[in-house]
Every structure is written in structure tokens, then in C-alpha cells.
Amino acid sequence: MKRIFDITPWHVVTTEFKPENKRLQESMTSLGNGYMGMRGFFEEDYSGDSLPGIYLGGVWYPDKTRVGWWKNGYPEYFGKVINAVNFIKINVQLNGKSLDLAKTRFTDFKLDLDMQRGVLTRSFVVTEDDLRVAVTFERFLSAAQKELSVQKVTFKNLADAPVKIALASALDANVKNEDANYDEKFWEVHQVSADSLIAETMPNNFGTPRFTSGMQVSYVTDLTAGTVDQQAAATTAHFERDLAAGATATFEKRVVVVTSRDYDGDAALITAMARLTNQTASQSYADLLAAHTQVWADRWRQSDIRIEGDTAAQQGMRFNLFELFSTYYGDDPRLNIGPKGFTGEKYGGATYWDTEAFAVPVYLGITKPEVTRNLLMYRYKQLDGAYVNAQQQGLKGALFPMVTFNGIECHNEWEITFEEIHRNGDIAFAIYNYTRYTGDKSYVLHEGSKVLTEISRFWADRVHFSKRNGQYMIHGVTGPDEYENNVDNNFNTNYLARWSLAYTLEVLKEVSPEQAQQLGVSDAEKAHWQDIIGRMYLPYDKDLDIFVQHDGYLDKDLEPVAAIPADQLPINQHWSWDHILRSPYIKQGDVLQIMYDFIDRFTPEQLKHNFDFYEPMTVHESSLSAAIHAVLAADLKYEDKAVEFYNRTARLDLDNYNNDTDDGLHITSMTGGWIAMVQGFAGMRVKDDTLSYKPFLPKQWTKYSFRQVFRGRVIEVTVDAQGTHLELIDGAPLDVVVNGQTQTLARTK
Ligand code: BGC
């Protein structure tokens, strides 16, 4: 493994600039404030390889599906998060020569993402010709004012002679997406003025909304303002100054970014931009920074996880939480958590099952219940789209999409969209998980019961009855293991289908008569569901005492991953797709994902047999894999394995484990460190309204502690060589179970 950043507890920092690592560095220094975010690309022009990207939450474009051979039911478009107008651009000339770190000579490079404060800084000394100019770029996306981007550039002339600094600062709509299907530009510019630009996403043929974004720039600087060029798709303001030997100059750029998601029509956008710009005008850089860092300080106070004895593990955990909070802190219920958040184009910033399966458990533990409830409501509000998806496959009920912005399936690989239907069960599971954790039944008995009913109707139609076996089956699916498609009777999918039906029937017993009437589930329908529950086929092998991933899996050439030569890993970058499909290798937990979800329903022997069989066959080439394996390994007391998986999930991107971080971070797997530590090492579970722990301290660590939100309480858990210490920080007394013993927690202060 080649680390490109130093190991420090609060910073992602390096003093090396290697152009071959540019994209990785950009990904790993991404910033976001839930409303917008950006990769750590440079403000100034850079002629080397780079993936610039700024993204606005909820702003997307339906790019027409491009496939060789059209099949009925294909989604018509692929939803893409689009590169926003570049508002951070600041080109620099020193004595008439453009600054371009691919060409300009420099020393003393430092790139530093301060996770405690949410600030990105880059500094270096330009040593071209006789120049010696120290340049520092600093930027943050305000966590206190979502529309605000703040940048500061500082120049210090270290040479004996004066230097002429010329800056060209732009709002530039000449941006593209690297993954555009037709190399098209996604923005149509409405208007450009000296200090603002308004652009709208291109029209589309699919009836999805267009988005308008407007940005207004203001400056605070001791450089002299010159001309402003207004081009068709950009506005560029020029500044200059002769900087005497030893002197310093600063340039602050503030941009407010508003969109049609919040303001209707250009006039409303303009008014909002002016108001927000005026609001910041009276504030200094220090004021704006202080308001921003205060929000981060509050977040860390509530959710920081401290690890002593292993700085790499500590840094990984903080990086996870930092990037997760930068993507979603629950402020806007219309948004969700894209697998790459605001850090890249891939996965289109859209919503995946990742949210329900991997993000919900974490948000339950770190924020107020409303945040998770909003994530559940997001799906409820998209039911109409889910009906369309089911109808497109000729099926009843609701099929929630694999990838979406609006409820309609926005992804176009058939083996994923048509076949990876376990997601419907994962969405049902999240309703159960929320209710179990919070004790709040208000969602499940209202909106949730509707979602569950429609999911169950889908399952009841999607199963078929095998007369030969006298059992219900589900053929032609892809499980969470995407390294095999079109399989029959995927254990994960069949289990979730059966469980969803059973859970829905349970919930239906509790809903009000009015709600029951609205749902309209007839007795015959219930009886049919009950029949499916009773006769669902779940592949099982008696000799091995394992659940079988899907029919035929055990007939494969079952060589473990350890038999693959190291230079052929990851297999998805070395083998043909055909080779992968034929192989027995599992991309991410499939049977084991179910065992993680329903860990209390399996015996320790079942967990052990299945883990011992499947883990050695798993390549973990999905970022989502390691966390759940850490929990299972911890439960099985495989401590070393648990720690290995913790590091793999917490440092997945920082260590570029799967060699795929260059095009963005794996934001939904940033939940992994928390899952591995809290559910794994600390063994946190909630069952029958009781919170329990079964902690252990990894050998390499001397101590860890975390804060957890549970039913109106904040609990601090500390585990060290002396044992486990729980403290109630906030809320009413609570009984919790630690290693089988009940303790009553009460506030001492
Ligand atoms: C995983 C999926 C996941 C997607 C987005 C894929 O590599 O296999 O399970 O939903 O990435 O994170």
C-alpha cells in the first residue's frame, strides 16, 4: 500500500506533490457542506491530469441512456450529478507568467485538509526565474451559511525584487462532465454580469425538472481591481499589484450559490444572491471562518470518536465522519447520501440502497431521529416512481430504484436495474431498524405501512411457485454480490422477500382501521403472503451447514481468494467480466449481509459456519463490504480479522485499498468505521427496547470512546484496559446491558 498523505489525527496532509497522484489527492481533500461540495482541485489552471468537480446537492441531469442493444424496460436515462459552474477559479500570473503547477517550478509544497475545522489549505513557494513568492490558497464551504463559498489567497514576496501579481478570478460555465454520454455541456447560460452568472441545465426529453443555479461573487483584497471581461459563459474579474520585496498581499473571494431548488425564477435568485452577498459584506474573513468552525466544533463534540494507540485508525475514523457530515447532516430532507457524495461524477450523486443498509444505522446513532425519519420519508415521497419501475417490469406494487434522484430508476445496466431487487427488502429493513432503534412507531404505522405494503405486493408478484418443489422461488436476480448476475434463488433476496412479507403482516395488525382501509390489503392477499412466507425456498447445504448464496454456487470451482496471484487483484481491474462471472469470488457480503442485518436471529454456529465459508471467497471489491465483515468477525471473537476489516473500511480511501479512489471517495462506506467500531468492537445492539454492549479492546489500541444518541439520551462509551465505562451525558436515566449485566445510567453532573 502506498500512502499519499501523512498519518496525523486531525489532518489529511502531505508535503509531496506528485502529478501521478493528482486525482487521488483531489478526492481525498474534498470539501462539502451538505448543500454543495467539491473535489480538492486547484483554483488556478493546471495543465496536467485532473478531475475538476463542484457539485450542487439535488442538481442533476437525465443523460439519455446509451446502450448497444435496447431491451424493453430499460430506463430511458442515466441520472447524472453535473459539474457545477466553476466558481472557485482564480488564475494567477507572476511577472506575466501563468502559474501552473504542472510546469511552474516550486518548493515547500503543502496540502492540508484540516478535518477539525473543515478548511483546505495549499501552500508552496514559486521559484521560477528569480522569483521567490510564497503562495497560500485557503478555502471552505461554510457550514454556517450553506450558500457560501469562501476563498483566500495570500502572496508573500520572499525575493529582493518586486513582483507583479495579476489575478483573473472567474465564474465559469465552460464546464463538462467527464462521464457525459454525448460529450455535451449541461449548462445553458441565462445571464452574465460583472459579478454574477445564472445558468440553467439543458432541456431534456424526459420531463424531469431543469435546475437553475445562480452565483454572485464579491472580493475583499488589497490588490487593485481592473477590468471585468464578460464572455458568453463566464465573467472574469482582473486584479493586480506590484508586490515589493518582503511584502504580503491577500485576495478573498466569496461566492454565494443559490439554485431553483430554493428560489423560483431568475428574479428570485437575483434577490436572494444580493441579500446573501450583503449579509456577508460586513463580516471579515475571520468572522466567516469562526462561524464555520463553530459548527464543526459542535459536530465533533457530539460525534467525535477517539482512538488511542493507533493514529492511522484514528485518522481513518475522523476522515469517515468528516466526509460523511460534509455530504449529509440531515439539514435538507429532499436530499440523500450519494455513494460518491460531492467528490466525483461516478454514481451520479444519486440515492442507492447504500443509504438504508449502511447510512441509516450510523445516522440513528449520531443524530436526532428526525434525520433518519427524513431519509425514510424520502422513499415514501418517491412511491409514485417506484410504481412506475415495477410496472415497467410488468409487476405489481412498488420497486424502489437501485439508483435514483426522483423515484424513477436512473441507472441503465440491466443486471443491476432489473435484477438487483434485494434493495426493496433493504428499504423495508430500514423501516424496521428505525423503529427498533428509536421506539418511534409514528412512521411505520403511517407512511411506513404504505411503503411496506407496496414492497410486499411487489414480492408477492415477483416470486413464482415451483410445482416440482412445492416452494416459492425468485429467479433471475443479482444479489449484493454483483460479481454474478441472473442467478436463481439468491439467499439474500429470498430471505428479504420472505422477511418483508412477514414484517408487513405484523405491522398491518397494528395500524389504525382507517389506515388499514386505505392500504386495502384483503384477507386473500394476506393469506397469499402467509403462504409465500411458509413455503419460500431458502437454499441451504446440510453438509456444510451454510446457506447457499444461490442455486449452483457450490458447483463452482471453489478456490479461496488466497489462491489468486496478488498481481491479479483487484480482479475487477485485471479480469474480463466473463471471467469474473464464472469465478466463485464474491464482491461483497451477500449471505453475510443478511447475517449482519439479522444477527440476533442466527445461532453462533450458523454465523461461524457461514463466515468461515464465505469470507475466504470474498474479494471485498465493493467499499461496502469490509464494515459488515468487521461486525461479524467481532461477534465471532475473530479479533484480528475484525481489526483488519476496521482498518480496511475506515481507511478505504485514504489507503486507496481498491485502487479506485481517483474518481471520488466512497461516501456511503464512510459509515464503515462507525459500524465496525460501535456495532463490532463495542458490540452495540438494540433488542426489545434494550440497548446492550459487549465490548472488546483491539490489542493495538489502548483506548477508544464514542458518543451515541439513543432515545433522547447521549451516552459516552469508553473502553480501555480497565474495562468499559458508560456515562450518561444527557437525558433521563436508562438501563443498559453490558456483557450481560444490567446497569442503570444516570447523570452525575
Ligand atoms: C456496490 C453496490 C453499491 C454501489 C454504490 C457498488 O460497487 O456493489 O452495492 O450500491 O457500488 O455504492
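For clarity, every value in this text was computed on a predicted model and none was experimentally measured. (Residues numbered from 1 in each chain as written. Predicted model: local features only at pLDDT ≥ 70, side-chain atom pairs only at ≥ 80, totals over all residues. Heavy atoms only, no water.)

## Some points on empty space enclosed by the protein
Quick note on the threshold: Here a cavity is any set of points on a 1 Å grid over the protein atoms alone where a 1.4 Å probe fits but cannot get out, and a pocket is any open set with protein on both sides within 12 Å along at least 5 of 7 lines; a residue lines the site when it has an atom within 4 Å of a point. Grid points are joined across faces, edges and corners, and a volume is the space filled by probe spheres set on the points. Helix numbering and strand numbering both begin at the N terminus, where a helix is a DSSP run of H or I of at least 4 residues and a strand a DSSP run of E of at least 2.
On inspection of all chains with the given rule, the structure shows 3 cavities of 30 Å³ or more. Counted as a void, the largest cavity has a volume near 270 Å³. What lines the largest cavity is a set of 18 residues, among which Asn433, Arg436, Tyr596, Gln679 and Met684 lie closest to the centre. Elements with a minimum of two residues in the lining of the largest cavity: α5 (354–366), α9 (422–438), α15 (591–597), α19 (672–681) and β25 (685–687). Counting residues per element, the lining of the largest cavity draws most heavily on α9, at 4 residues.

## Here's the deal with the side chain of Glu716
Quick reminder of the rule: As used in this structure description, the phrase polar contact means that two N or O atoms lie within 3.5 Å; if the pair is within protein, one of them must be able to donate a hydrogen and the other to accept it, and residues adjacent in sequence are counted only when both atoms belong to side chains. Residues are treated as being in contact if the distance between any of their heavy atoms lies within 4.5 Å.
Along the chain, Glu716 turns up in strand β28 (residues 713–720). A polar contact is formed between the side chain of Glu716 and the side chain of Arg707, at a distance of 2.8 Å. In this structure Glu716 touches Phe706, Arg707, His725, Leu726, Glu727 and Ile729, once residues within four positions along its chain are discounted.

## With respect to the site of the ligand
The test is simple: Proximity is defined per residue: any heavy atom of the residue falling within 4 Å of a molecule or strand makes that residue near it. Per-residue accessibility takes into account occlusion by the displayed protein chains alone, with areas from the Shrake-Rupley method and a 1.4 Å probe. Cavity and pocket membership follows a simple rule, namely that a molecule belongs there if more than half of its atoms are within 2 Å of the grid points.
Near the ligand you find Pro339, Tyr347, Tyr352, Trp353, Asp354, Met402, Glu482, Lys587, Gln588, Ser622 and Leu624, and these make up its full shell. Interatomic distance of 3.1 Å between a side-chain N/O atom of Glu482 and an oxygen atom of the ligand. Taking Lys587, its side chain carries an N or O atom lying 2.8 Å from an oxygen atom of the ligand. Burial of the ligand by the protein amounts to 94% of the accessible area it has alone, namely 310 Å². In a pocket analysis with a 2 Å cut-off to the grid points, the ligand is assigned to the largest pocket.

## A look at the confidence of the model for the protein
Counted only if it meets this: On a range of 0 to 100, pLDDT expresses the predictor's confidence in each residue.
In this model, the protein carries an average pLDDT of 96, and 100% of its residues clear a pLDDT of 70 or more. Mean pLDDT values over the elements of the protein span from 88, in helix α8 (residues 414–417), up to 99, in helix α11 (residues 491–510).

## What about the pairing of strand β7 (residues 90–94)?
Selection rule: Working definition: with a 1.4 Å probe on protein chains only, accessible area under 20% of the residue-type maximum means buried, over 50% means exposed, and in between means partly exposed. Any two strands with at least two DSSP bridges between them are considered paired.
With 4 of its 5 residues buried, β7 lies for the most part within the structure. Pairing of β7 with strand β13 (residues 163–172), which is carried by 5 bridges, proceeds in the antiparallel orientation. Across the sheet, residue Val92 finds its bridge partner in β13, namely Leu167. Bridge analysis of β7 against strand β8 (residues 97–98) gives 2 bridges, and the strand direction is antiparallel. Residue pairing for β8: Leu94 is matched across the bridge by Lys97. As consecutive antiparallel partners, β7 and β8 are separated by 2 residues, and within that stretch Asn95 has a phi angle of approximately 50 degrees, a positive value.

## Some remarks on the packing of aromatic side chains
We count it as follows: Aromatic contacts are taken between Phe, Tyr and Trp rings whose centres are within 6.5 Å, Trp giving its six-membered ring; a plane angle under 30 degrees counts as stacked, one over 60 as edge-to-face, and the others as tilted. Whether a charge sits over a ring comes down to the Lys NZ or Arg CZ being within 6 Å of the ring centre and within 35 degrees of the ring normal.
Scanning the model with the defined rule gives 53 aromatic pairs in all. Considering the side-chain rings of Phe429 and Tyr432, the 5.7 Å spacing of their centres and the 50 degrees angle between planes classify their relative orientation as tilted. In this pair, Phe429 and Tyr432 both sit in helix α9, 3 residues apart, roughly one turn of the helix. The same class applies to Phe429 as to Tyr432, namely buried. Between Tyr432 and Tyr503, the aromatic rings sit 5.4 Å apart at their centres with planes inclined by 80 degrees, giving edge-to-face as the arrangement. Of this pair, Tyr432 sits in helix α9 while Tyr503 sits in helix α11, placing them 71 residues apart in sequence. The exposure class assigned to Tyr503 is buried, which follows from its relative accessible area of 7%. Feature note: the residues Phe429, Tyr432, Phe491, Tyr495, Trp499, Tyr503, Tyr540, Phe547, Phe598 and Phe602 constitute an aromatic cluster, connected by ring pairs. Over the aromatic face of Trp296 sits the side chain of Arg299, whose NZ or CZ is 4.7 Å from the ring centroid. Here Arg299 stacks its cationic end above the ring of Tyr329, 4.3 Å away from the centre of that ring.

## A few points about the packing of helix α10 (residues 447–462) against helix α13 (residues 523–535)
The condition that has to hold: Here an angle of 0 to 180 degrees is reported between the N-to-C directions of two axes, which are lines fitted to C-alpha atoms, with helices fitted over the stretch in contact. The handedness criterion is simple: a crossing whose near helix is rotated anticlockwise from the far helix by less than a right angle is left-handed, and one whose near helix is rotated clockwise is right-handed.
For the pair α10 and α13, interaxial distance at closest approach is 11 Å and the crossing angle is 60 degrees. α10 and α13 meet at a crossing whose hand is left-handed. Where α10 approaches α13, its residues Thr453, Ser456, Arg457 and Ala460 are matched on the opposing element by Glu525, His528, Trp529 and Ile532.

## Some words on the layout of surface pockets
Heads up, the condition is: Under the scheme applied, nonpolar residues are Ala, Val, Leu, Ile, Met, Phe, Trp, Tyr, Cys and Pro; charged residues are Asp, Glu, Lys and Arg; polar residues are all the others, including Gly.
In this structure, the largest pocket encloses a volume near 830 Å³. Looking at the lining of the largest pocket, the elements that each hand over two or more residues are β6 (77–81) and α8. Residues of the lining of the largest pocket, tallied by class, amount to 11 nonpolar, 12 polar and 14 charged.

## Section: helix α17 (residues 625–635)
Counted residue by residue, α17 has 10 buried out of 11 residues, so it is predominantly covered. Within the sequence span of α17, burial applies to Ser625, Ala626, Ala627, Ile628, His629, Ala630, Val631, Leu632, Ala633 and Ala634. One or two steps after α17, the chain reaches Lys637, where phi turns positive at roughly 65 degrees.

## Regarding the nonpolar core
Stated precisely, the cut-off is as follows: Nonpolar core, defined: a set of buried Ala, Val, Leu, Ile, Met, Phe, Trp, Tyr and Cys residues in which side-chain atoms within 4.5 Å join the residues together.
Counting residues in each nonpolar core, the largest one holds 222 residues, and the members touching the most others are Phe87, Tyr646, Met677 and Tyr693. Ranked by residues supplied to this core, first place goes to α11 with 10 residues. With sequence-adjacent residues up to four places away left out, Phe87 is seen in contact with Met36, Met38, Ile54, Ser149, Gln151, Ala170, Leu171, Met215, Lys253, Val255 and Val257. Core analysis: the second largest hydrophobic core is formed by 14 residues, Val119, Val150, Ile198 and Met273 among them.

## Points about the pattern of salt bridges
The test is simple: The salt bridge criterion pairs a side-chain nitrogen of Lys or Arg with a carboxyl oxygen of Asp or Glu, the two atoms within 4 Å.
Enumeration according to the criterion identifies 48 salt bridges in this entry. Across the pair Glu188 and Arg210 runs a salt bridge, and its minimum N-O distance is 3.2 Å. Of this pair, Glu188 sits in strand β14 (residues 187–192) while Arg210 sits in the loop between β15 (196–201) and β16 (212–221), and the two are 22 residues apart along the sequence. Glu188 gets classed as partly exposed once you look at its relative accessible area, which sits at 36%.

## Digging into unusual backbone geometry
Cis rather than trans, the peptide bond between Leu569 and Pro570 has omega equal to -10 degrees. Structurally, Pro570 can be placed in the loop between β24 (546–547) and α14 (577–582). Phi angles above zero are rare outside glycine, and Asp129 is one such case at about 50 degrees. Locating Asp129 in the fold gives a position in the loop between β10 (119–126) and β11 (133–141).

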